[in-house]
Amino acid sequence: MTSDLMDLDLLRTFVLAVDMDSFAKAADRVARSQSAVSLQMQRLEEMTGRALFLKQGRGWQLTPTGELLLGYARQLLEINDRAVQALHDTRLEGQVSLGLPADFAESELPLILARFGAVYPDVQITIVIDRQAVLQQQLQSGKLDVIVSMGQQLPPDAIPIGKLPLRWIGGQTPLEQQHPLPLLLFEAPCIVRQAGLEALEQVQRPWRVVLTSPSLSGLWAAAQAGLGITLRTAIGVPAGCRILHTNSGLPALPVFHFYLLQRKQAPSPALTRLTDILVSTIKEQINNLRKK
């Protein structure tokens, strides 16, 4: 009769026996006698209610049921091992430093910190919110451990998160038909600024810069005040601003990749956990935006 519960100890020995193609070698690995391992496999067959092994000469091979159980056994053991590791990692200590563009400062940063702090309260986090060029400089100089970046190309050493198109964004005052187009831009150098100006040049749309700002909050404030039009992804667009759709007469903008960049040295366990939470949290937001 099939049991409702699988014994992980039996499953681990079962997987070892299959991988090593030997009960004897599996017995050595788990510090048991070969007869004890044989009894374990018999117990596993009793629990499943099915034959798992078929004798073949001096050896054996798995039955179709054994092959089926093997796949599930690997999954169960992997989940168990990951859970044990995660619980062990809650005792992590140390320091990690994170760089984020302003897009995530209000939208995702509180959730990222809450998720990380709830599980790893003894890890000290240093956060820098700044423009991408500044963050990359601090990463290269060793002042930051990991940063979130974006661009039209995905660097070979990057950890990918997702993709979103750039959007033209304005306030409640319709300005998209003005000639020249009034623009609100980051100070150069800026890859988003460059992408917008190139798109306008390709369609020969005249433009003028009415405001430059070193901060995203400055661009949002100017857009809300009706001074001009800016461009960014849909992440973190505040109330009082609106995304201008394709029928606005403005040129199409490229899709940007979001990704993580880490210091070249091997990441610490604390940094690995923070990276996992960063990727999963931001990926959730990107996927939600893509559905809209």
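Preceding block: the structure.
Below: a short report on this structure. These figures come from a predicted structure and were not determined experimentally.

We now examine the nonpolar core. Looking at soluble globular proteins, one finds that nonpolar side chains tend to be buried together. Counting 53 residues, the largest nonpolar core has Trp-168, Phe-258, Leu-278 and Ile-282 as its most contacted members. Apart from residues lying up to four places away in sequence, Trp-168 is in contact with Leu-183, Gly-196, Leu-200, Ile-229, Thr-230, Leu-231, Arg-242, Ile-243, Leu-244, Leu-250, Pro-251 and Leu-253. Residues Phe-14, Ala-17, Phe-23 and Met-41 belong to the second largest nonpolar core, which totals 22 residues.

Further remarks concern helix H1 (residues 8–20). In an α-helix, one full turn covers 3.6 residues, which means residues spaced three or four apart are oriented alike. Helix length check: H1 (13 residues) gives 18 Å between terminal C-alpha atoms against 18 Å at 1.5 Å per residue, within 8%. Taken together, the buried positions of H1 are occupied by Leu-10, Leu-11, Thr-13, Phe-14, Val-15, Leu-16, Ala-17 and Val-18. Looking at the residues trailing H1, positive phi occurs at Asp-21, about 55°.

The next point concerns the layout of surface pockets. In this structure, the largest pocket spans a volume of roughly 530 Å³. Along the walls of the largest pocket sit 27 residues, with Ala-102, Asp-103, Phe-186, Leu-216 and Arg-232 positioned nearest its centre. The greatest single-element share of the lining of the largest pocket, amounting to four residues, is contributed by helix H5 (residues 103–107). Among the residues making up the lining of the largest pocket, the classes are represented as 16 nonpolar, six polar and five charged.

Once that is clear, we can look at empty space enclosed by the protein. The final tally for this structure, using the stated rule, is one cavity of 30 Å³ or more. Of the voids in this model, the largest cavity is the one considered here, and its volume is about 50 Å³. Contributing to the lining of the largest cavity are Leu-184, Leu-185, Phe-186, Cys-190, Val-192, Arg-193, Leu-219, Thr-230, Leu-231 and Arg-232. Every element with two or more residues in the lining of the largest cavity is listed here: strand E8 (181–186), helix H8 (191–202) and strand E10 (230–232). For the lining of the largest cavity, a count of residues per class yields seven nonpolar, one polar and two charged.

Strand pairing within a sheet occurs via backbone hydrogen bonds; the two strands may be parallel or antiparallel. Taken together, the five strands give an open sheet; going across it, the order is E4-E3-E5-E12-E6, and neighbouring strands pair in mixed fashion. If you trace the sheet from one side to the other, it starts and ends with strand E4 (123–129) and strand E6 (159–165), each paired once. Averaged over all pairs of adjacent strands, the angle between strand axes in this sheet comes to 20°, irrespective of strand direction. Pairing geometry for strand E3 (residues 94–100) and E4, over seven bridges, is parallel. By the bridge assignment for E4, Leu-98 is matched with Ile-127. Together, E3, E4, strand E5 (146–151) and strand E12 (255–262) form the strand contacts of helix H7 (residues 132–140), whose direction differs from that of E5 by roughly 140°.

Once that is clear, we can look at H8. Look at H8: 16 Å from first C-alpha to last across 12 residues, which is about the 16 Å you get at 1.5 Å a residue. Those residues of H8 that sit buried are Val-192, Arg-193, Ala-195, Gly-196, Leu-197, Ala-199 and Leu-200. Gln-204, located one to two residues past H8, shows a positive phi value of around 55°.

Further remarks concern the pattern of salt bridges. Scanning the entire structure with this criterion turns up nine salt bridges. The closest approach of N and O atoms between Glu-284 and Arg-115, which form a salt bridge, is 3.1 Å. Linking Glu-284 in helix H10 (residues 269–291) with Arg-115 in helix H6 (residues 109–119), this pair joins segments that are 169 residues apart in sequence. Using a relative accessible area of 37% as the deciding quantity, one classes Glu-284 as partly exposed. The shortest N-O distance in the salt bridge between Asp-145 and Arg-263 comes to 3.2 Å. Of this pair, Asp-145 sits in the loop between H7 and E5 while Arg-263 sits in the loop between E12 and H10, placing them 118 residues apart in sequence. Taking the relative accessible area as the measure of exposure, Asp-145 reaches 14% and is therefore buried. On the basis of relative accessible area, Arg-263 is assigned to the partly exposed category, the value being 27%.

A few words now on the packing of aromatic side chains. In this structure the tally under the stated criterion is six aromatic pairs. Look at Phe-53 and Trp-60: their rings are 5.1 Å apart centre to centre, the planes differ by 85°, and that puts the pair in the edge-to-face class. Here Phe-53 matches Trp-60 in class, with each residue buried. Where Phe-104 meets Phe-258, the ring centres are 5.8 Å apart and the plane angle is 85°; that geometry is what we call edge-to-face. Taken together, the residues Phe-104 in helix H5 and Phe-258 in strand E12 connect sequence positions 154 residues apart. In this pair, the class of Phe-104 matches that of Phe-258, namely buried. One aromatic cluster in this structure is built from Phe-14, Phe-23, Phe-53 and Trp-60.

How each quantity is defined
Residues numbered from 1 in each chain as written. Predicted model: local features only at pLDDT ≥ 70, side-chain atom pairs only at ≥ 80, totals over all residues. Heavy atoms only, no water. Core = buried A, V, L, I, M, F, W, Y, C linked by side-chain atoms within 4.5 Å. Buried < 20%, exposed > 50% of the residue type's maximum accessible area, 1.4 Å probe, protein only. Contact = heavy atoms within 4.5 Å. Helix = DSSP H or I, 4+ residues; strand = E, 2+ residues; numbered from the N terminus. Expected span 1.5 Å × (residues − 1). 1 Å grid on protein atoms, 1.4 Å probe; cavity = no way out; pocket = protein on both sides within 12 Å on 5 of 7 lines; lining within 4 Å. Points joined across faces, edges and corners; volume = space filled by probe spheres on them. Nonpolar A, V, L, I, M, F, W, Y, C, P; charged D, E, K, R; others polar. Pairing = 2+ DSSP bridges. Axes fitted to C-alpha atoms, helices over the stretch in contact; angles between N-to-C directions. Salt bridge = Lys/Arg side-chain N within 4 Å of Asp/Glu carboxyl O. Phe/Tyr/Trp six-rings, centres within 6.5 Å; stacked < 30°, edge-to-face > 60°.

By themselves, these are just geometric observations and shouldn't be taken as functional.
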